[in-house]
Amino acid sequence: MISYSTCAQCSFFLVIALSGHFLTGSNGSVENVYREFGRPLSVRFWNQSFTTESELKWVKGNSLLVAKYKNGTRVYGKFKRRVEILPNGTLRFNVVTKDDEGEYEFQVFNKDGRLQFSQDFKLHLLEKLSIPELSITCTSEQDVVLSCEVCGGTPGTFYLNDQQLTEANAVFSSDGKKATLKKDSFFGNETVFCKVENQISKNQTAPMEFTCPDSTEGHYFMKIFFITLAVAIVLIILVGLAYHYCWNSL
């Protein structure tokens, strides 16, 4: 949610502008910004009407100074040579790193040093997802294990045939990169595909036929094997008994 000043000369509108893929979302008064590691980032303000005497300030967390601009003078904190603040309040990151994650606040002060406007946003840095792997393991016609795993990227949301996987219908690995469908949650589709996405990327597998062609055949041969083994054991026992009886008769 964006805050507005009641002063007619201090009307602001926040626009998050990034180069490349990005996503923003609002959570109360905080704007969430999702960005890929190692990319440039600009947080830009449009439709401002603050005066040249205004002081524009960016802080991280509660008080860590990022950058400040007033009357053509720029002051930088620990972000020096990594960021640039423009006369219109735009904050530019050369390249975002893991340490840049966190909450930021943009502040505007009038010439008397009174706060006129502030806006919070939280920066989340993610990695793009690799293509997931779909695995179907059949130990019997009734015992089928179906799982989807992504090896690269920041884990996000899993889907099976566009139906979201949650804790109600799947079991997730501790690192969040693998989802295994619960046995009582099969959707009855002849073909299945897995899709995974986070706020900056998404990927999916090719459709796979959901069959267990070897399960019935495997059970048939196992039955034949055990029956044959049992018959052989019985024959060996009978031959042994017959030999013992003949030997004792001599």
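Starting afresh in each chain, residues are numbered from 1 along the sequence in its written order. The model is predicted, so local features are restricted to residues of pLDDT at least 70 and side-chain atom pairs to those at 80 or more, both for listing and for counting; the totals for chains, interfaces and linings are taken over all residues. Hydrogens and water are ignored here; the side-chain numbers use all heavy atoms of the structure.

**Focus on a nonpolar patch on the surface**
This is how it is decided: Nonpolar side chains (Val, Leu, Ile, Met, Phe, Trp, Tyr) within 5 Å and like charges within 9 Å form the patches, drawn only from residues with over 30% relative accessible area and no salt bridge. Residue exposure ignores everything except the shown protein chains as possible cover, and the areas themselves are Shrake-Rupley values with a 1.4 Å probe. Definition used for salt bridges: Asp or Glu carboxyl oxygen within 4 Å of a side-chain nitrogen of Lys or Arg. Each helix is a run of H or I in the DSSP string that is no shorter than four residues. Each strand is a run of E no shorter than two, and both are numbered from the N terminus. When accessible area is computed with a 1.4 Å probe and restricted to protein chains, residues below 20% of their type maximum are described as buried, those above 50% as exposed, and intermediate ones as partly exposed.
Residues Phe226, Ile227, Leu229, Val231, Ile233, Val234, Leu235, Ile237, Leu238 and Leu241 make up a contiguous nonpolar surface patch of roughly 940 Å² in combined accessible area. Secondary-structure assignment places Ile233 in helix α1 (residues 213-249). Residue Ile233 is classed as partly exposed on the basis of its relative accessible area, which comes to 43%.

**Topic: the state of the cysteines**
In plain terms, the rule: We call a pair of cysteine sulfur atoms a disulfide whenever their separation is within 2.5 Å.
All chains considered together, the criterion is met by one disulfide. A sulfur-sulfur separation of 1.7 Å characterises the disulfide bridge that pairs Cys148 with Cys194. Since a negative S-S torsion denotes a left-handed disulfide, the Cys148-Cys194 link at about -80° is left-handed. Separated by 46 residues along the polypeptide, Cys148 in strand β13 (residues 144-149) and Cys194 in strand β19 (residues 194-197) bring together distant segments of the chain. Take Cys148: its relative accessible area is 1%, and that puts it in the buried class.

**A closer look at the environment of Asp112**
Mapped onto the fold, Asp112 is located in the loop between β10 (102-109) and β11 (115-126). Overall, the relative accessible area of 60% leaves Asp112 in the exposed class. A C-alpha to C-alpha distance of 8.9 Å links Asp112 and Ser54, two positions 58 residues apart in sequence.

**Details of the packing of aromatic side chains**
Which entries qualify depends on this criterion: By convention, a stacked pair of Phe, Tyr or Trp rings (six-membered ring in the case of Trp) has centres within 6.5 Å and planes under 30 degrees apart, an edge-to-face pair has planes over 60 apart, and any other such pair is tilted.
Taken as a whole, this structure holds eight aromatic pairs when the rule is applied. With 5.7 Å between their ring centres and 80° between their planes, Trp58 and Phe121 make a pair best called edge-to-face. Taken as a pair, Trp58 in strand β5 (residues 55-60) and Phe121 in strand β11 lie far apart in primary sequence, 63 residues in all. The residues Trp58 and Phe121 share a single accessibility class, namely buried. Ring plane angle 70° and centroid distance 6.5 Å describe the contact between Phe79 and Tyr104, whose orientation is recorded as edge-to-face. Of the two residues, Phe79 sits in the loop between β7 (73-76) and β8 (83-85) while Tyr104 sits in strand β10, which places them 25 residues apart along the sequence. Residue Phe79 is classed as buried on the basis of its relative accessible area of 6%. Ring pairing ties together the aromatic residues Trp58, Phe79, Phe93, Tyr104, Phe106, Phe117 and Phe121, which thus form one cluster.

Scope: geometric values only; no functional claims are made or implied.
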